[in-house]
Every structure is written in C-alpha cells, then in structure tokens.
There are 2 protein chains.
Amino acid sequence: MHDDLSPLCGRFLAAADLLGRRWTGVILRILLDGPRRFGELAQGIGTISERVLSERLKDLEAEGIIERHVDPGPPIRSEYRLTQKGQDFWKVIDELGKWAERWVELKPAPVSVSGKSVAAKAARAAPRKRKTA
Amino acid sequence: MHDDLSPLCGRFLAAADLLGRRWTGVILRILLDGPRRFGELAQGIGTISERVLSERLKDLEAEGIIERHVDPGPPIRSEYRLTQKGQDFWKVIDELGKWAERWVELKPAPVSVSGKSVAAKAARAAPRKRKTA
DNA sequence: GGTCTTCACTTACTTTTAGGAAGTTGCTTG
DNA sequence: CAAGCAACTTCCTAAAAGTAAGTGAAGACC
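Remember, it's a predicted structure, so these values are computed and weren't measured experimentally.

So, on to the overall build of chain A. Each helix and strand counted, chain A has 7 helices and 5 strands in total. Beginning at the N terminus, the succession of helices and strands in chain A can be written as α-α-β-α-α-β-β-α-α-β-β-α. When each of the 133 residues of chain A is scored for burial, the buried share is 39%. Long-range contacts, defined as pairs at least 24 residues apart, comprise 46% of the intrachain contacts of chain A with a sequence gap of at least 6.

Here it is as structure tokens:
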C-alpha cells in the first residue's frame with residue numbers, strides 16, 4: 001500500500017506532535033504568505049485566543065520555525081517570519097490545502113436536504129467551536 | 001512568497017483542525033501502511049492512551065476518513081482502514097515525513113556534550129511527554 | 001497634562017481535552 | 001471455573017485551550 005512512505009520514526013512523531021497542537025497549521029499557513037504581526041495573525045485566524053497565539057508563537061520560535069523581529073520604532077511592533085525550516089513546511093501545508101479542497105465540504109448550516117439530515121453525525125460530536133452557546 | 005498556495009478558507013481551517021488534534025497524524029500514518037486493529041494501533045503509537053485512541057478513531061470515522069470493520073469470528077476483532085478520503089491524505093503525511101527527515105533532529109538524551117547542555121531550550125518548555133518524571 | 005486608544009502581550013480563572021488506570025463484555029483456554 | 005485476551009468504557013486527575021480583564025509604553029486628542 002504506499003510502501004514508499006517515510007518511516008514512522010521519532011522524527012515523524014516530533015513533527016506530528018508539532019502539527020498536532022491546535023492552530024499550528026493555520027499560523028504556518030498565514031506566515032507562508034509573508035511576515036505578519038501579532039495582531040494580524042490574531043485577526044487572520046479570527047477565533048484563536050491571544051493567550052494561545054502567544055504561546056504557539058513561542059513554541060514555533062523555540063523550534064526554530066519562525067523568528068520574531070521587534071521594531072521599536074516608537075509604536076512598538078513585532079513581526080513574525082518563517083525561517084528556512086519554516087519555509088520548507090510549505091509543501092505540507094499545500095498538500096493539506098489541496099486535500100481540503102477535494103474532501104472538505106463546508107457545512108453551510110445544519111439544514112436537511114430532501115429529508116436527509118446533512119450534518120447528522122457531526123451534530124453528536126463537535127464540542128469544539130460551540131461558539132453558539 | 002508562495003502565492004500559489006491554496007487559500008486559507010473554511011475548508012483549510014477544518015482540515016487543520018482535524019490534524020490539529022493530537023495523534024491524528026500518527027494514526028493516519030500507520031493506517032496508510034494498511035488496515036490495523038485497535039490493539040495494533042495502540043502498540044504502534046506506544047504512548048497514546050486507549051481512551052484517546054478510541055476517541056480519535058470515532059472522530060475519524062465520523063469524518064469519513066476511516067472505516068471500522070468488525071469481524072465477529074468468535075474472537076471479536078475490529079479493523080480500521082482508510083476510506084478513499086483517508087487514502088488521499090497520504091501526500092500530506094508524506095510531505096510531513098520528508099520535512100521531518102530534513103529538519104527534525106532527534107534529541108538523543110539530555111546529555112551535555114563538551115560542557116554545552118544540548119537540550120537547553122527544550123527543557124524549559126515541553127510538559128508534553130514528560131514520561132521521565 | 002490628563003484621558004483615550006493601540007499594540008503586544010500577561011494574568012487569572014473556567015472549560016475542554018488528554019493521560020492513567022481499572023472495569024466491562026464476550027469468548028477461549030488451561 | 002479461574003485466567004486471559006481484545007476492544008472498549010468509566011472514572012478521576014492533569015495539562016491545554018478558551019475567556020476576560022489587566023499591564024506598559026507610545027502616540028493622539030482636547
């Protein structure tokens with residue numbers, strides 16, 4: 001079956017662990033478009049909390065994936081940009097994006113189309129993003 | 001900068017959210033090698049708790065990424081396998097693996113080589129996998 | 001010059017998710 | 001019939017993430 005896959009070694013586990021933290025993929029996706037400031041990232045993502053964004057940026061910086069540049073030009077502004085290690089992540093993000101385009105259907109709203117409840121199974125799980133409550 | 005990337009739309013966010021749950025990438029990586037049973041997955045991953053593995057498998061099944069086949073041949077056994085949607089994920093996992101090969105350095109152990117503490121920064125964060133405690 | 005606002009974060013507190021271990025069900029083996 | 005799988009659940013604790021409010025420095029407004 002895809003016997004040409006990279007092996008499941010410690011390296012892979014570390015990478016999966018990184019991407020397995022919430023928002024990491026989205027942050028990387030945005031930074032691949034170019035450097036961004038803290039506020040821009042927060043806005044671009046929309047639903048991330050500043051607390052977690054701050055945490056994630058520190059994680060990524062510690063991993064050497066992004067760099068933080070502070071411009072103290074009085075209105076103090078910081079900017080985050082990808083290192084080479086981070087830039088190199090682009091193929092992963094791109095493939096994820098392609099997969100999403102092919103397979104993810106936006107659920108427009110839990111409406112039923114011709115009697116069949118479209119978002120049936122989704123309803124019984126998903127305590128993530130219950131912003132509506 | 002990579003202006004040919006897929007857009008940051010709802011589809012991407014959903015995909016990133018999926019992969020942003022811990023263990024998802026690793027489970028997919030293993031299933032890309034072929035169908036696996038619950039116990040095999042648990043063993044293959046090593047450090048996942050059965051509780052979470054069970055949860056993650058249900059998530060993935062609900063998303064239509066894997067299928068659960070129960071073989072009631074008295075020793076009841078279940079088997080998980082990828083659907084087409086799941087198989088199609090292979091490029092993402094493969095790129096992640098390639099990135100990991102290029103950029104992830106295995107930290108052999110927190111030994112100091114010639115006086116310099118090797119795992120210096122790693123030490124102050126990482127309450128994940130503190131199995132050693 | 002006192003007040004207001006922005007930016008980039010922190011702190012404090014709550015909820016959700018993950019980890020760890022023991023229990024459950026159904027069937028088999030000694 | 002006690003023990004042992006296999007595949008899960010349950011229960012309980014410990015990390016993460018969510019939410020809101022606060023901090024500090026620099027302008028901008030009045």
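And the narrative resumes.
Let us now look at the packing of helix α2 (residues 24–31) of chain B against helix α3 (residues 38–45) of chain B. All names here are of chain B. Across the interface, α2 lies against α3 with an axial gap of 10 Å and an inter-helix angle of 115°. In the packing of α2 onto α3, the handedness of the crossing is right-handed. Residues V26, I27, I30 and L31 of α2 form the contact with α3, whose own contacting residues are L41, G44 and I45.

Turning our attention to the packing of aromatic side chains. Within this structure, the stated rule accounts for 2 aromatic pairs over all chains. For the pair F89 of chain A and W99 of chain B, a centre-to-centre distance of 4.7 Å together with 75° between the ring planes defines the contact as edge-to-face. In this pair, F89 of chain A is assigned in the loop between α5 (84–87) and α6 (90–103) and W99 of chain B in helix α6 (residues 90–103), connecting two distinct chains. Here F89 of chain A matches W99 of chain B in class, with each residue buried.

Inspection of the secondary structure assignment puts L96 of chain A in helix α6. Sequence separation between L96 of chain A and G25 of chain A is 71 residues; the distance between their C-alpha atoms is 9.2 Å. With residues near it in sequence (within four places) discarded, L96 of chain A still touches F12, A15, A16, L19, F89 and V92 of chain B.

Let us look at the interface of chain B and chain A. Each partner contributes to the interface: chain B provides 55 residues, whereas chain A provides 54 residues. Between R102 of chain A and D88 of chain B there is a salt bridge, with its nearest N and O atoms 2.8 Å apart. Inspection of the chain B/chain A interface yields 10 residue pairs in polar contact (both at pLDDT 80 or more). Per-element tally for the side of chain B that touches chain A: the top contributor is α6 of chain B, with 14 residues. Residues of the side of chain B that touches chain A, tallied by class, amount to 27 nonpolar, 10 polar and 18 charged.

About the thresholds
Residues numbered from 1 in each chain as written. Chains lettered and ligands numbered in written order. Predicted model: local features only at pLDDT ≥ 70, side-chain atom pairs only at ≥ 80, totals over all residues. Heavy atoms only, no water. Helix = DSSP H or I, 4+ residues; strand = E, 2+ residues; numbered from the N terminus. Buried < 20%, exposed > 50% of the residue type's maximum accessible area, 1.4 Å probe, protein only. Contact = heavy atoms within 4.5 Å. Axes fitted to C-alpha atoms, helices over the stretch in contact; angles between N-to-C directions. Left-handed = near helix turned anticlockwise from the far one by under 90°. Phe/Tyr/Trp six-rings, centres within 6.5 Å; stacked < 30°, edge-to-face > 60°. Salt bridge = Lys/Arg side-chain N within 4 Å of Asp/Glu carboxyl O. Polar contact = N/O pair within 3.5 Å; in protein donor to acceptor, adjacent residues only side chain to side chain. Nonpolar A, V, L, I, M, F, W, Y, C, P; charged D, E, K, R; others polar.

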